[in-house]
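One letter stands for each residue in the lines below.
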Amino acid sequence: MKVLVVGSGGREHAMAWKLAQSPRIQQVYVAPGNGGTAKDPGLINVPITDLAQLRQWAIDNSVFLTLVGPEAPLAAGIVDDFRAHGLRIFGPTQAAAQLESSKAFSKAFMQRHGIPTAEFETFTDTALAHAYVDRKGAPIVVKADGLAAGKGVVVAMTLAQAHEAIDFMLTDTTLGVAHNMGGARVVIEEFLQGEEASFMVLCDGKHVAALATSQDHKRLLDGDEGPNTGGMGAYSPAPVVTADVHARAMREVILPTIRGMEKDGIVYTGFLYAGLMIDPQGRIKTLEFNCRMGDPETQPILMRLKSDFLEVLLAATSEGLESLEMEWDRRVALGVVMAAAGYPMNPRKGDPISGLPEDSDEAMVFHAGTTETDGQILTSGGRVLCVTALADSVRQAQQKAYQTASSIEFDGMQMRKDIGFRALKN
Ligand code: AMP
Ligand code: GLY
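Every value quoted in this text rests on a predicted model; they were computed, and no experiment measured them.

(A) Examining the overall build of the protein more closely. The secondary structure content of the protein amounts to 14 helices and 23 strands. Since a compact globule built from 426 residues should have a radius of gyration of about 22 Å, the 20 Å found for the protein is in line with a globular shape. Seen through its C-alpha atoms, the protein measures out along the principal axes to roughly 60 × 45 × 45 Å. In the protein, buried positions account for 57% of the 426 residues. Roughly 17100 Å² of accessible area belongs to the protein as shown, and the carbon and sulfur atoms make up 49% of that amount.

(B) The arrangement of the sheet that holds strand 9 (residues 186-190) in detail. In spatial order, the strands read 6-9-7-8; together these four strands make up an open sheet with antiparallel pairing. Edge strands, defined here as strands with exactly one partner in the open sheet, are strand 6 (120-123) and strand 8 (153-156). The average undirected angle you get between the axes of adjacent strands in this sheet is 20 degrees. Direction of pairing for strand 7 (residues 140-144) relative to strand 9: antiparallel, over a ladder of five bridges. Among the inter-strand pairings, V141 is bridged to a residue of strand 9, identified as E189. Taken strand by strand, helix 9 (residues 159-171) contacts strand 6, strand 7, strand 8 and strand 9, and its axis lies near 10 degrees from that of strand 7.

(C) A look at the site of ligand 2. Residues in contact with ligand 2, as listed here, are D216, K218, G230, Y273, N290, R292, G294, D295, P296 and E297. At a separation of 2.7 Å, a nitrogen atom of ligand 2 approaches a polar side-chain atom of D216. Across the shell around ligand 2, the residue classes tally to two nonpolar, three polar and five charged.

(D) Quick peek at the packing of helix 8 (residues 126-136) against helix 9. Helix 9 packs onto helix 8 with a crossing angle of 160 degrees between their chain directions and a minimal axis gap of 10 Å. Classed by the angle they form, the pair helix 8 and helix 9 counts as roughly antiparallel. Like other packed secondary-structure pairs, helix 8 and helix 9 cross with a definite hand, here right-handed. Judged by residue contacts, T126, A129, H130, V133 and D134 of helix 8 engage L159, A162, H163, I166, D167, L170 and T171 from helix 9. In the contact of helix 8 with helix 9, the residues fall into six nonpolar, four polar and two charged.

(E) Structural context of the site of ligand 1. Residues in close proximity to ligand 1 total 15 residues, the closest being E189, E190, L192, E196 and E288. At 2.9 Å from an oxygen atom of ligand 1 is found a side-chain nitrogen or oxygen belonging to K103. Within the backbone of E190, an N or O atom sits 2.8 Å from a nitrogen atom of ligand 1. At the level of elements, strand 7, strand 8, strand 9 and strand 17 (284-290) are the ones that each hand at least two residues to the shell around ligand 1. Its residues assigned to classes, the shell around ligand 1 shows seven nonpolar, one polar and seven charged.

(F) Inspection of the sheet that holds strand 3 (residues 43-45) at higher detail. What the five strands build is an open sheet, ordered 3-2-1-4-5; its pairing is parallel. Looking at strand neighbours, the two that pair on one side only are strand 3 and strand 5 (89-90), the edges of this open sheet. Pairing between strand 1 (residues 2-7) and strand 4 (residues 65-68): four bridges, direction parallel. Among the inter-strand pairings, V3 is bridged to a residue of strand 4, identified as L65. Most of the contacts of helix 1 (residues 10-19) go to strand 1, to which it runs at about 170 degrees, and overall it touches strand 1, strand 2 (27-32), strand 3 and strand 4.

(G) Local environment of the packing of helix 6 (residues 94-101) against helix 7 (residues 103-112). Contact pair helix 6 / helix 7: the axes reach a minimum separation of 6 Å and the direction vectors enclose 95 degrees. On the basis of the axis angle, helix 6 is roughly perpendicular to helix 7. When helix 6 is examined against helix 7, the residues Q98, L99, E100 and S101 are found in contact with a partner set consisting of K103, F105, S106 and F109. Residues belonging to the contact of helix 6 with helix 7 are distributed by class as follows: three nonpolar, three polar and two charged.

(H) Looking closely at the side chain of D295. One can find D295 in the loop between strand 17 and helix 11 (298-304). In terms of polar contacts, D295 uses its side chain to reach the backbone amide nitrogen of G10, at 3.5 Å. At a separation of 2.9 Å, a polar atom in the side chain of D295 contacts the side chain of Q299. Leaving out residues up to four positions away in the same chain, D295 has contacts with G9, G10, R11, G230 and R383.

Rules of the game
Residues numbered from 1 in each chain as written. Chains lettered and ligands numbered in written order. Predicted model: local features only at pLDDT ≥ 70, side-chain atom pairs only at ≥ 80, totals over all residues. Heavy atoms only, no water. Helix = DSSP H or I, 4+ residues; strand = E, 2+ residues; numbered from the N terminus. Rg over C-alpha atoms; globule rule 2.2 N^0.38 Å. Buried < 20%, exposed > 50% of the residue type's maximum accessible area, 1.4 Å probe, protein only. Areas by Shrake-Rupley, 256 points an atom, 1.4 Å probe, with all protein chains shown as cover. Pairing = 2+ DSSP bridges. Axes fitted to C-alpha atoms, helices over the stretch in contact; angles between N-to-C directions. Contact = heavy atoms within 4.5 Å. Near = heavy atom within 4 Å. Polar contact = N/O pair within 3.5 Å; in protein donor to acceptor, adjacent residues only side chain to side chain. Nonpolar A, V, L, I, M, F, W, Y, C, P; charged D, E, K, R; others polar. Parallel < 35°, antiparallel > 145°, perpendicular 65-115°, else oblique. Left-handed = near helix turned anticlockwise from the far one by under 90°.

Interpretation in functional terms is not warranted from these geometric data alone.
Printed below as a string of structure tokens:
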């Protein structure tokens, strides 16, 4: 069986690495892949990013199953297109992917279907947005409507920051936000307090299977300071998701979402990721939906997956999730992101990376923003590597991840030193 993984990040490296372990797989391709998937002898990079060309390539090469990592091809309709050409692909359709690609869509959806989320309003008019913020006061959260690779959210602690964010998101064209139809739009919402967790499931259109829980670290700097990023590190499982919180997340968020989509005429297939805010009483609110697995959460989650990932995806693409039992390593996996100079606003590219250690079952260096040029690995994006380790406790996994990372060097490297701190504070 040939399988194709679409994307070029650390998540896709982990997906391809895991799939390559399946005995039934003949070849794993990654399009376009990165420096890590290039140097892995079990993987082949396919340098195609145009979706129509990629679909033709999948047909010509008899690809049996395609797995989509990132949101952009999903929002562009890759699933609809591949299916229309008879190809088997795991992911949501373009309509279903709006849960992530439009914050305005997902907030209105949650409101309509009674899914717990922060109170909010949506604006296209700058003056009205400013007036709303003045009325509500700070702290308050300003979110760009379109996809922004994790950078379209400003948690404003002061009114000045909120006003600046509104101007930036509604009028600035350099932010890198893909505006949805109707132009620039912001969602402004209530500031929530609590602890976050990433709650991911697979959905086959009818049934849902939960993946292991995890927690991301979205801020750039230690102690959750600095700007939001795509994620600076993650670990699995997340102790904040107790059995009770897990049951609530399924009952109050995941199942009503799948049913709500169905009521709205949209069958949900693919991964569904709910970003949850959990208060000290274990009550949850949905911060956001993603229509894919998280990055970097995927790296620790897949290191813990003991089941054959191919079998999981085959069940997920044939309405077979009801009878699927996924097996997880009891140990903790923890991944530390090494990011480029200038990340998240202006990542520098082209810095040579040295000291990459040998991979093992218990310590993997998943590549993200890297390329291989004449045998040399260079930085080529914001998040460069995710060093992920498996051990008996959070503390040991943390030590092992940082120890593995310690030999790796590139100019301007940024890395948080405290990944996992919330699980260690008790
Ligand atoms: P989002 O992309 O919507 O998940 O937002 C990115 C990050 O911003 C989240 O992971 C939170 O850390 C933070 N955030 C988003 N919405 C809120 C909110 N309403 N209250 C507090 N923090 C938030
Ligand atoms: N790490 C957060 C995300 O993938 O959206």
